[in-house]
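Next come the chains, spelled out residue by residue.
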Amino acid sequence: MRSIAVWVVAGLRRYRPDRNPLRRRSDRVEAGFVAAALVAVLLAVWPAALAARAAYGGGPAAAPGARHLVEATLTGEATASAADAHVLLGATAARWTLPDGEVREGMVPAALLLRDGPRARLWIDDVGRPVTPPPHRAEMTARAGLAASGVMAAAVALAAACLVLTRRRLDRARYQAWDAAWADADQRWRRHRI
């Protein structure tokens, strides 16, 4: 824990604004870019929260009445037609009653049925068609967390990439200035032989 604190203090000392005459202009520019990157990452919290909210979508109870769980009776055996494999992969003939009392029959993909012996339960939409079950709260929370983490990771990666590129450019300019200063010193301090 102490090493992390020492690292943070050293970073703050390196980039803090002060009137140190030994600080070069490039050091101040680098400190400004570090501060801008930190602000950009902090501002990314808002889009991350919006992404999490959009991914969560209000949870399983977001649209009450949009899906209904009804009892279904299996009237046929499971079939898997080769021609309709992408649509009816493991479909079963079933009969179900809508909330208003109307009885429907049709082929239901086996993945949509919650089986319990000859009877089953089925999620339907307002029109009476079989639909996928609503997502669980844990799944919605995981999606929201992944969305927020993705936005924050993208913001941190973008800020870090900008910092790395800026620092490379500043370091290149620093090395060129350092080389020029040494060349100038070499010219001034060199002993000229006669």
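Below is a summary of the structure that appears in this document. What you are looking at is a predicted structure, and each value in this text was computed from that prediction instead of being measured. (Residues numbered from 1 in each chain as written. Predicted model: local features only at pLDDT ≥ 70, side-chain atom pairs only at ≥ 80, totals over all residues. Heavy atoms only, no water.)

Attention shifts here to the overall build of the protein. Within the protein one finds four helices and five strands. Seen in sequence order, the protein has helices and strands lined up from the N terminus as α-α-α-β-β-β-β-β-α. A buried classification covers 21% of the 194 residues belonging to the protein. Counting contacts in the protein only where the partners sit at least 6 residues apart, residues at least 24 apart contribute 54% of the total. Carbon and sulfur atoms make up 63% of the accessible area of the protein, which amounts to about 14400 Å² in all. (Helix = DSSP H or I, 4+ residues; strand = E, 2+ residues; numbered from the N terminus. Buried < 20%, exposed > 50% of the residue type's maximum accessible area, 1.4 Å probe, protein only. Contact = heavy atoms within 4.5 Å. Areas by Shrake-Rupley, 256 points an atom, 1.4 Å probe, with all protein chains shown as cover.)

Let us look at the packing of helix 3 (residues 45-56) against helix 4 (residues 137-189). Between helix 3 and helix 4, the least distance of the axes is 8 Å, while the angle of their chain directions is 155°. When the interaxial angle is binned, helix 3 and helix 4 end up roughly antiparallel. Relative to helix 4, the crossing made by helix 3 is right-handed. For the pair formed by helix 3 and helix 4, the contact residues are Val45, Pro47, Ala48, Ala51, Ala52, Ala55 and Tyr56 on the first element and Arg137, Met140, Thr141, Arg143, Ala144, Ala147, Ala148, Val151 and Met152 on the second. (Axes fitted to C-alpha atoms, helices over the stretch in contact; angles between N-to-C directions. Parallel < 35°, antiparallel > 145°, perpendicular 65-115°, else oblique. Left-handed = near helix turned anticlockwise from the far one by under 90°.)

Looking now at the pattern of salt bridges. Applying the stated rule across the entire model yields 11 salt bridges. Among the ionic pairs, Arg104 bridges to Glu102, the shortest N-O distance being 3.2 Å. Its relative accessible area of 39% is what places Glu102 among the partly exposed residues. (Salt bridge = Lys/Arg side-chain N within 4 Å of Asp/Glu carboxyl O.)

Grouped together as the largest cluster of nonpolar side chains are 12 residues: Val70, Ala72, Leu74, Ala94, Trp96, Leu98, Val108, Leu112, Leu113, Ala120, Leu122 and Ile124. Not counting chain neighbours up to four residues away, the residues in contact with Ala72 comprise Arg95, Trp96, Arg119, Ala120, Arg121 and Leu122. Grouped together as the second largest cluster of nonpolar side chains are six residues, Ala48, Ala52, Ala144 and Ala148 included. (Core = buried A, V, L, I, M, F, W, Y, C linked by side-chain atoms within 4.5 Å.)

With that settled, consider helix 2 (residues 25-43). Each turn of an α-helix holds 3.6 residues, which means side chains three or four residues apart point in the same direction. Helix length check: helix 2 (19 residues) gives 27 Å between terminal C-alpha atoms against 27 Å at 1.5 Å per residue, within 8%. Looking at the buried side of helix 2, the elements it contacts are helix 1 (2-15) and helix 4. (Expected span 1.5 Å × (residues − 1).)

A few words on the packing of helix 2 against helix 4. Between helix 2 and helix 4, the shortest axis-to-axis distance is 9 Å and the interhelical angle comes to 175°. When the axes of helix 2 and helix 4 are compared, the pair comes out roughly antiparallel. Contacts from Ser26, Asp27, Val29, Glu30, Phe33, Val34, Ala37 and Val41 of helix 2 reach helix 4 at Met152, Ala155, Val156, Ala159, Leu163, Thr166, Arg167, Leu170 and Arg174. A class-by-class count of the residues in the contact of helix 2 with helix 4 yields 11 nonpolar, two polar and four charged. (Nonpolar A, V, L, I, M, F, W, Y, C, P; charged D, E, K, R; others polar.)

To continue, consider a nonpolar patch on the surface. Judged by side-chain polarity, Ile4, Trp7, Val8 and Leu12 come together as a nonpolar surface patch covering roughly 480 Å² of accessible area. As for its placement among the helices and strands, Val8 is situated in helix 1. Using a relative accessible area of 39% as the deciding quantity, one classes Val8 as partly exposed. (Patch = residues over 30% accessible without salt bridge, like charges linked within 9 Å, V, L, I, M, F, W, Y side chains within 5 Å.)

Moving on, we get to the environment of Met107. One can find Met107 in strand 3 (residues 103-109). By relative accessible area, which is 40% here, Met107 ends up partly exposed. Sequence spacing of Met107 and Ala91 is 16 residues, and the spatial spacing of their C-alpha atoms is 5.9 Å.

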